[in-house]
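Observations on the model geometry
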Amino acid sequence: MNATLRRAIRPLADALISQIAAGEVVERPASVVKELLENSLDAGATQIDIKLEAGGIKRIVVSDNGAGIPRDELPLALTRHTTSKIASLEELEGVESLGFRGEALASIASVADVSITSRVTGSDSAFCVRGGSDEIEPAAGSIGTRIEVADLFHKTPARRKFLRSEATELAHCLTQVERAAAAHSSVAFTVTHQGRTMLALPAQPPRERALRLMPEEFAVARREVQQSAAGTSVHGWAGAPTASRARADAQYFFVNGRYVRDKVLTHAVRAAYADVLHGASQPMYCLYLTIDPKRVDVNVHPTKIEVRFRDSSSVHQFVMHAVQAALAQSVRPLQPSTINPQAADTGYRLTPTHQTSFGVAQTVANYLALLAERPAPIANGASDEAPDLPLGF
Ligand SMILES: Nc1ncnc2c1ncn2[C@@H]1O[C@H](COP(=O)(O)OP(=O)(O)O)[C@@H](O)[C@H]1O
Ligand SMILES: [Mg+2]
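This write-up is about the structure you can find in this document. Computed from a prediction, not measured in an experiment: that's the story for all the values here. (Residues numbered from 1 in each chain as written. Chains lettered and ligands numbered in written order. Predicted model: local features only at pLDDT ≥ 70, side-chain atom pairs only at ≥ 80, totals over all residues. Heavy atoms only, no water.)

**Some remarks on the packing of helix H9 (residues 263-272) against helix H10 (residues 312-328)**
To keep it simple, the criterion reads: Axes here mean lines fitted to C-alpha atoms, for a helix over just the part in contact, with angles spanning 0 to 180 degrees between N-to-C directions. Where helices and strands are cited, they refer to DSSP runs of H or I of at least four residues and of E of at least two residues respectively, numbered from the N terminus. Handedness of a crossing is defined here by the sense of rotation of the near helix relative to the far one, left-handed for an anticlockwise turn of less than a right angle and right-handed for a clockwise turn. Note on contacts: a residue pair qualifies if any of its non-hydrogen atoms lie within 4.5 Å across the two residues. Classification convention: Asp, Glu, Lys, Arg as charged; Ala, Val, Leu, Ile, Met, Phe, Trp, Tyr, Cys, Pro as nonpolar; all other residues, Gly among them, as polar.
For the pair H9 and H10, interaxial distance at closest approach is 8 Å and the crossing angle is 35°. Considering only the axes of H9 and H10, their crossing is right-handed. Listed contacts from H10 to Val264, Leu265, His267, Ala268, Val269, Ala271 and Ala272 of H9 are Ser312, Val315, His316, Val319, Met320, Val323, Gln324 and Leu327. A class-by-class count of the residues in the contact of H9 with H10 yields eleven nonpolar, four polar and no charged.

Written as structure tokens, this is what we have:
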């Protein structure tokens, strides 16, 4: 650049900083839905209602019955880098909440009109605050929080151009709700679009919730996955090889209640199917990994969809063997309780046609023994690095 054209270094305006941050976190209405849902879940809500207009582009309203935000903290909720979730590096490294960056609401407010109405236990009324205003007004509302986001990207028209049709944006919003719902089955969710009910999920047991959200054929062709060792557990369901699909569209992995897309986990599951699923066939699965938060870093990307395990090879082995063991269940002799239709819904159904031999039981036993003996691995060692696993498995 010509030296005479150079401008002096200056701090960016606050609003612009938030708009830059919004570029990472708020890609489309579904990103807003995700952030608002995470906040409601972090607030301990048991009922979350989502109202959308025009695929969420015109309006997104998320109401919950969570703990609420006290009147005096309302403006802070919209301020950048303010959070009630962590206060130290130590807390960051063991974070258990879905949020912690303290920037979602500020980012959203920098690209849309936001209002928050909230009421906490013990308060006579709810209070409302709007983005761009310091005024706090009393409002009607029961205990919990209602966040309304209107006219997404009207402040940043260039970004608005990247939005797709309302139907596509709506589909992305629903995907986000389904992911949150699959990980939090004790929470009831409703979604309406233009006043029409799109989804209504009561609080239900994890298995019922997963079956409600997974493709129908999954219900009759799945194996229960259940392994734990050394404080780490994986549970859920893996589809029988006979129920594979052409597309990888029924693959859900959750780590500590968070939907993630992680190549180590994806590869581990795929490896478990290596002998029974060939070519481009994609297995169906819905799996939940519970691991000490200190052993997984969720602060990898602002959207937190990626994670980094401290000891990714252990996690890879653990998940692979757990899924292999589940798939191998079909070689066990049928137990009377499994055959008895009254005792159905033990989590998986065995049919002779699905029986194949994997011979992994011994490996699993060995592996679990190993995990139980071994203390938590030390982080940062080069040997702890995951092998560079190919994507697209
Ligand atoms: N639905 C909600 N219920 C209760 N508190 C909320 C809700 N949404 C936001 N908050 C409060 O606002 C703060 C800022 O939210 P956010 O910008 O999403 O950052 P983060 O979730 O990373 O803390 C949260 O830390 C929380 O205290
Ligand atoms: Mg948040």
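From this point, the discussion proceeds with the structure in view.
**Points about H10**
Our working rule: Expected span of a helix, by definition, is 1.5 Å for each gap between consecutive residues, and there is one gap fewer than residues. Only protein chains enter the accessibility calculation, which uses a 1.4 Å probe; a residue is then buried when its area is under 20% of its type maximum, exposed when over 50%, and partly exposed in between.
In a regular helix each residue adds 1.5 Å, so 17 residues correspond to 24 Å; H10 covers 24 Å between its end C-alpha atoms and thus fits that length. With respect to burial, H10 is a largely interior element, 15 of its 17 residues being buried.

**As for unusual backbone geometry**
In this model, aspartate 151 sits at a positive phi of 55°, which is unusual for a non-glycine residue. Owing to a relative accessible area of 30%, aspartate 151 belongs among the partly exposed residues under this scheme. One non-glycine residue, alanine 230, lies in the positive phi region at around 50°. Residue placement: alanine 230 occurs in the loop between strand S9 (222-229) and strand S10 (232-239).

**Describing the sheet that holds S10**
In plain terms, the rule: Here a strand pair is declared whenever DSSP counts at least two bridges between the two strands.
Taken in spatial order, the five strands of this open sheet run S9-S10-S13-S11-S12, and their pairing is mixed. If you trace the sheet from one side to the other, it starts and ends with S9 and strand S12 (258-259), each paired once. Where helix H8 (residues 206-213) meets the sheet, its contacts fall on S9, S10 and strand S13 (285-290), and the angle it forms with S10 comes to roughly 40°.

**Observations concerning the site of ligand 1**
Where we set the bar: Put simply, a residue is near a molecule or strand once any heavy atom of it comes within 4 Å of that molecule or strand. A 3.5 Å cut-off defines polar contacts: any pair of N or O atoms within that distance qualifies, except that in protein one atom must be a possible hydrogen donor and the other a possible acceptor, and neighbouring residues in sequence count only when both atoms are side-chain atoms. Where accessible areas are quoted, they stem from the Shrake-Rupley method and a 1.4 Å probe; at the residue level, only the protein chains shown are allowed to cover.
Close to ligand 1 lie 20 residues, the nearest being Asn39, Thr83, Ser84, Lys85 and Gly102. For ligand 1, an oxygen atom lies 3.3 Å from a polar atom in the backbone of alanine 104. Contact with the protein chains covers 93% of the free accessible surface of ligand 1, which is 530 Å². Those elements that place two or more of their residues in the shell around ligand 1 are helix H2 (29-42), helix H5 (104-111) and strand S6 (144-150). Across the shell around ligand 1, the residue classes break down as seven nonpolar, nine polar and four charged.

**Thoughts on the sheet that holds strand S4 (residues 126-130)**
Here eight strands make up an open sheet; going across it, the order is S5-S4-S3-S6-S2-S1-S7-S8 and the pairing mixed. For this open sheet the edge positions go to strand S5 (136-139) and strand S8 (196-201), each flanked by a neighbour on one side alone. Across the sheet, the mean angle separating the axes of adjacent strands is 15° when strand polarity is ignored. Bridge count between strand S3 (residues 113-119) and S6: seven bridges; the pairing is antiparallel. The residue of S6 that forms the bridge with valine 114 is valine 149. Contacts between helix H7 (residues 166-183) and the sheet are confined to strand S1 (47-53), strand S7 (188-193) and S8, with S7 contributing the most and set at about 175° to the helix.

**Overview of the pairing of S7**
In terms of residue burial, S7 counts as a mostly covered element, since five of its six residues are buried. Here S1 runs beside S7; their pairing, made up of six bridges, is parallel. Its bridge partner lying in S7, isoleucine 50 is registered against valine 191. Pairing between S7 and S8: five bridges, direction antiparallel. Note on S8: the bridge partner recorded for valine 191 is leucine 199.

**Overview of the packing of aromatic side chains**
The line we're drawing: Any two rings among Phe, Tyr and Trp, with Trp reduced to its six-membered ring, count as a pair given centres within 6.5 Å; such a pair is stacked if its planes are under 30 degrees apart, edge-to-face if over 60, and tilted if neither. Two conditions define a charge located above a ring, namely a distance within 6 Å from the ring centre to NZ of Lys or CZ of Arg, and an angle within 35 degrees of the ring normal.
Applying the stated criterion to the full structure yields five aromatic pairs. Pairing phenylalanine 253 with tyrosine 285 gives two aromatic rings, centres 6.4 Å apart and planes at 70°, and the pair type is edge-to-face. Taken together, the residues span a long stretch of sequence, with phenylalanine 253 in strand S11 (residues 251-255) and tyrosine 285 in strand S13 at a distance of 32 residues. For the pair formed by phenylalanine 253 and tyrosine 285, the shared burial category is buried. With 5.0 Å between their ring centres and 15° between their planes, phenylalanine 254 and tyrosine 288 make a pair best called stacked. Here the residue phenylalanine 254 occupies a position in strand S11, and tyrosine 288 occupies one in strand S13, the gap between them amounting to 34 residues. Chaining the aromatic ring pairs together yields one cluster made of Tyr252, Phe254, Tyr259 and Tyr288. A cation over an aromatic ring shows up here: arginine 71 above the ring of phenylalanine 127, its NZ or CZ 5.3 Å from the ring centre.

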